[in-house]
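So the chains spell out like this:
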Amino acid sequence: YPTRRGFISGLAFLVGSLAYNPLGTLDSLTYAETKSQKPTKKEDSKKEIRERMKRANYQDFGEYSEEVLLAKMLFGEARDCSELEKIAIVYTAINRANDNVAWNGRTSKEAILEPYQYECFNLGNSNREKLKNPQKYEPKAYEDCLRIAKDVLSGKYKDPTNGATTYYQPNVVDEPKRFKRMEKIGRINTPQGPSKHIFYK
């Protein structure tokens, strides 16, 4: 058994250690490990994919004007929709540029070309190749998209969504989980009936 003097000496050493290292040895090591953690390979991979997509978007489409880019986006996202719904889709890019959220673009051009913003620009999307030369595939539809983009930029049409920044088409995909944190605007009424897309901001 330890002597009384040995016990007191050991207790003093323990108290001194804790005073020097208030987190305790184990907690300090855990804290240090947490602070020095590096991004995982999965995080690195996502970042690399995002950077590759961004480079590809600017390489293939960066030279175009705001009007032409809006028309291409509209052609890829909603060329089979009513005119009013097309106007609403164009406004989502303009609203993103004005929502003070840097990651989704500070201009409508950036809002279109940043990765994962509009699906038709994603690498591997079937519409992406058509966006490079839409006149080759559906010239009349692209002419309509150009006209609508120009008219929206000139201020001819007001935003029919009252500020929508995104949307989805329920007969194509389920509601994305992130949309549950957004304000739902819903479908807009058009002369042809309710819009195909449901809008959010």
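Since we're looking at a predicted model, the values are computed, not measured. (Residues numbered from 1 in each chain as written. Predicted model: local features only at pLDDT ≥ 70, side-chain atom pairs only at ≥ 80, totals over all residues. Heavy atoms only, no water.)

(A) Looking closely at the packing of aromatic side chains. Inspection of every chain in the model, using the stated rule, returns seven aromatic pairs. On the basis of an interplanar angle of 85° and a centroid distance of 5.1 Å, the ring pair of Phe-61 and Phe-121 is categorised as edge-to-face. You can see Phe-61 sitting in helix H3 (residues 41–61) and its partner Phe-121 sitting in the loop between helix H6 (108–113) and helix H7 (128–132), a full 60 residues away along the chain. Each member of the pair Phe-61 and Phe-121 is classed as buried. Measuring from centroid to centroid gives 6.1 Å for Phe-75 and Tyr-142, while their planes differ by 85°, and the two rings are edge-to-face. (Phe/Tyr/Trp six-rings, centres within 6.5 Å; stacked < 30°, edge-to-face > 60°. Helix = DSSP H or I, 4+ residues; strand = E, 2+ residues; numbered from the N terminus. Buried < 20%, exposed > 50% of the residue type's maximum accessible area, 1.4 Å probe, protein only.)

(B) Broad picture of the packing of helix H4 (residues 66–78) against helix H5 (residues 83–97). Contact geometry of H4 with H5 gives a least axis separation of 10 Å together with a crossing angle of 125°. As far as their axial angle goes, H5 and H4 are oblique. Helix-helix and strand crossings are classified by hand; for H4 and H5 the assignment is right-handed. Contacts between H4 and H5 pair Leu-70, Met-73, Leu-74, Glu-77 and Ala-78 from the former with Lys-86, Ile-89, Val-90 and Ala-93 from the latter. When its residues are assigned to classes, the contact of H4 with H5 shows seven nonpolar, no polar and two charged. (Axes fitted to C-alpha atoms, helices over the stretch in contact; angles between N-to-C directions. Parallel < 35°, antiparallel > 145°, perpendicular 65-115°, else oblique. Left-handed = near helix turned anticlockwise from the far one by under 90°. Contact = heavy atoms within 4.5 Å. Nonpolar A, V, L, I, M, F, W, Y, C, P; charged D, E, K, R; others polar.)

(C) Structural context of H4. With 13 residues, H4 extends 17 Å from end C-alpha to end C-alpha; this agrees with the ideal 18 Å at 1.5 Å per step. Judged by how many residues are buried, H4 sits mostly within the fold: 11 of 13 residues are covered. Every buried residue belonging to H4 is among Val-68, Leu-69, Leu-70, Ala-71, Lys-72, Met-73, Leu-74, Phe-75, Gly-76, Glu-77 and Ala-78, and all of these are buried. (Expected span 1.5 Å × (residues − 1).)

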